[in-house]
Protein chains: 2
Amino acid sequence: MRVSREQMAENRERILDTAATLFRERGFDGVGVADVMKAVGLTHGGFYGHFSSKDDLAAQALGRAFVHSGQSAAEARASEPQAPRRAIIDRYLSPAHRDDPGHGCPVAALGSDTARQGEASRLAATEGVRAAIKGLCAITPGATADERRTSAIASYATLVGALVLARMVDDAALSDEILAAARAELCSAEA
Amino acid sequence: MRVSREQMAENRERILDTAATLFRERGFDGVGVADVMKAVGLTHGGFYGHFSSKDDLAAQALGRAFVHSGQSAAEARASEPQAPRRAIIDRYLSPAHRDDPGHGCPVAALGSDTARQGEASRLAATEGVRAAIKGLCAITPGATADERRTSAIASYATLVGALVLARMVDDAALSDEILAAARAELCSAEA
DNA sequence: CTCTTTATATGATGCTGATCATGTAAATTC
DNA sequence: GAATTTACATGATCAGCATCATATAAAGAG
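Computed from a predicted model, the values in this text were never measured in an experiment. (Residues numbered from 1 in each chain as written. Chains lettered and ligands numbered in written order. Predicted model: local features only at pLDDT ≥ 70, side-chain atom pairs only at ≥ 80, totals over all residues. Heavy atoms only, no water.)

Draft legend 1. Here's a closer look at the overall build of chain A. When helices and strands are counted, chain A shows 10 helices and zero strands. N-terminal to C-terminal, the α/β element order of chain A is α-α-α-α-α-α-α-α-α-α. Against the 2.2 N^0.38 benchmark of 16 Å for 191 residues, chain A shows a C-alpha radius of gyration of 18 Å, consistent with a compact globule. Dimensions along the principal axes, computed over C-alpha positions, put chain A at roughly 60 × 40 × 30 Å. Expressed as a percentage of the 191 residues in chain A, the buried residues total 47%. Summarising the internal contacts of chain A: among those between residues at least 6 apart in sequence, 64% fall at separations of at least 24. When the accessible surface of chain A is split by element, carbon and sulfur atoms take 52% of a total near 8700 Å². (Helix = DSSP H or I, 4+ residues; strand = E, 2+ residues; numbered from the N terminus. Rg over C-alpha atoms; globule rule 2.2 N^0.38 Å. Buried < 20%, exposed > 50% of the residue type's maximum accessible area, 1.4 Å probe, protein only. Contact = heavy atoms within 4.5 Å. Areas by Shrake-Rupley, 256 points an atom, 1.4 Å probe, with all protein chains shown as cover.)

Encoded structure:
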């Protein structure tokens, strides 16, 4: 059955958002095209009217995840204008973020996966990382722009690594300790 | 055809080492049982005489990867006894390590994958991370043991995150810049 | 209102991969 | 060295999954 043009556009958006969440939760290989479509409320048949392949979907969904992630960072920043860096760090390293990969940072959720993905996904990731670094530069202290950029990249790495480690281990206390250690380091040092 | 007991034990070791490499290169889902056996020079039939399932193999191979990773760190430390921390950082953040995930850090290569893996793999990861933190504590400066531990965990996170980011992006210059930024931060700051 | 277009549904198709069944020849055992 | 065990090979089974073919009913064009 056919749907209206705007209904179709909305369906496409929902496929992208749903895929962005499912991929982050279960990995690129852990989610099938049919899974995504079913979660949206459609069947697998219509998929190839929207995307040319699963790889195509993966790349676009990854881009979408980066956009949402940037919006979340902007939101955190705006919520505490006098300490934006701390607000972002606290949100990123929160247990809530750790326990909800589907709506969180795509680097922490899909980083090692993406390194093995096709060119389109790698490009989306490159754009996303570039944008994130730029965003972090704006709230990172430092004398020169170069210093700020170096420091922003290092902070980004610490955030990502701490979240990956915290999700990897099977011990709640150790996981919490990892998040706390990264928070402490990032908030004390202003390199 | 049957082989001798020691030949069998050696085969088992080679299966584990080969799996540890292949999984890091292609991810848990990117490698089949038959792939591993073929790489060892055997056929898929004998696999279940050595391991109870692919999950079982994954967990044991992950443990193996952590052991090798620890040995590599010890080697780096020993090669430069007067600056062991710097030696480890330089090796971890080298382009050579970035470009050879199959023989490198299992957290950077399989971190986001492992978080979605079964209990056995999660346990192996927890042990591995614990051991890595302990090893880093020994070469991390700081007034108290608590301070050293916090700093060691944060450094570990920075290393992991930088390598994940450097592998994810599709731009050689940006990738190099990420490695260099993490190196700069880790070697300048002694928090 | 009729005709055409098309977004989606239903239902193949073909491949990959985990696991199991059975055979075989070489190693152990006695 | 005969009997038995067993590590591995060959080949099947079964399920999941990407992709394609065809049908259908609703949207949009005239």
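Draft legend 2. Molecular detail of the UniProt feature "DNA-binding region" (unreviewed entry) in chain A. In the numbering used here, UniProt assigns the "DNA-binding region" (unreviewed entry) feature to residues 32-51 of chain A. Segment residues 32-51 of chain A splits into 60% helix and 0% strand. End C-alpha atoms: 14 Å apart. (UniProt positions renumbered as here; feature names shortened; annotations may be inferred.)

Draft legend 3. Region of interest: the relation of the copies chain A and chain B. Expressed as a screw operation, the relation of chain A to chain B combines 0.0 Å of axial shift with a rotation of 180 degrees, fitting to an RMSD of 0.0 Å. The transformation just described matches what one would write down for a two-fold rotation axis. Comparing contact sets, 100% of the residues at the interface of chain A also lie at the interface in chain B, consistent with an isologous, same-surface contact. (Least-squares fit on C-alpha atoms with pLDDT ≥ 70 in both.)

Draft legend 4. Spatial organisation of the protein's contact with DNA strand C. Close to DNA strand C lie 22 residues; Arg2, Asn11, His44 and His50 of chain A together with Tyr48 of chain B are nearest. Sugar and phosphate atoms constitute 63% of the interface atoms of DNA strand C, taking the interface as everything within 4 Å of the protein. Here Asn11 of chain A contributes a side-chain N or O atom positioned 2.3 Å from a phosphate oxygen of DNA strand C. Separating a base nitrogen of DNA strand C from a side-chain N or O atom of Arg2 of chain B is a distance of 3.0 Å. Split into classes, the residues belonging to the surface near DNA strand C amount to nine nonpolar, nine polar and four charged. (Near = heavy atom within 4 Å. Polar contact = N/O pair within 3.5 Å; in protein donor to acceptor, adjacent residues only side chain to side chain. Nonpolar A, V, L, I, M, F, W, Y, C, P; charged D, E, K, R; others polar.)

Draft legend 5. Geometry of the protein's contact with DNA strand D. Taken together, 23 residues form the shell around DNA strand D, and within it Tyr48 of chain A together with Asn11, Thr43, His44 and His50 of chain B come nearest. A breakdown of the atoms of DNA strand D within 4 Å of the protein gives sugar and phosphate a share of 62%. Contacts to DNA strand D include Val33 of chain A, whose backbone N or O atom sits 2.9 Å from a phosphate oxygen. Between DNA strand D and Thr43 of chain B, the relevant distance is 2.6 Å, taken from a phosphate oxygen to a side-chain nitrogen or oxygen of the residue.

Draft legend 6. Focus on helix H10 (residues 172-188) of chain A. The first and last C-alpha atoms of H10 of chain A sit 24 Å apart over 17 residues, in line with the 24 Å expected at 1.5 Å per residue. Within H10 of chain A the residues assigned to the buried category are Leu174, Ser175, Ile178, Leu179, Ala181, Ala182, Glu185 and Leu186 of chain A. Across the axial projection of H10 of chain A, the buried residues extend over an arc of 160 degrees, all falling on one side. The outward face of H10 of chain A, more than 90 degrees from its buried face, is lined by the exposed residues Ala172, Ala173 and Ser188 of chain A. Tucked into the core, H10 of chain A has its buried residues touching helix H5 (84-92), helix H6 (95-98) and helix H9 (145-168) of chain A together with helix H8 (119-137) and helix H9 (145-168) of chain B. (Expected span 1.5 Å × (residues − 1). Arc of directions from axis to C-beta.)

Draft legend 7. Representation of the interface of chain A and chain B. Each partner contributes to the interface: chain A provides 51 residues, whereas chain B provides 51 residues. Carbon and sulfur atoms supply 64% of the area that chain A and chain B bury against each other, a total of about 4000 Å² over both sides. When the buried surface of chain A facing chain B is broken down by residue, Arg116, Met168 and Asp170 of chain A rank first, second and third, together holding 17% of it. One salt bridge connects Arg130 of chain B with Asp171 of chain A, and the closest N-O pair in it is separated by 3.2 Å. Linking chain A with chain B are 20 residue pairs in polar contact (both at pLDDT 80 or more). Of all the elements in the fold, those that place two or more residues in the side of chain A that touches chain B are helix H1 (5-26), helix H7 (106-114), helix H8 (119-137), H9 and H10 of chain A. Sort the elements by how many residues they give to the side of chain A that touches chain B and H9 of chain A lands first, with 15 residues. Among the residues forming the side of chain A that touches chain B, the class breakdown is 26 nonpolar, 10 polar and 15 charged. (Buried area = accessible area lost by both parts, 1.4 Å probe. Salt bridge = Lys/Arg side-chain N within 4 Å of Asp/Glu carboxyl O.)

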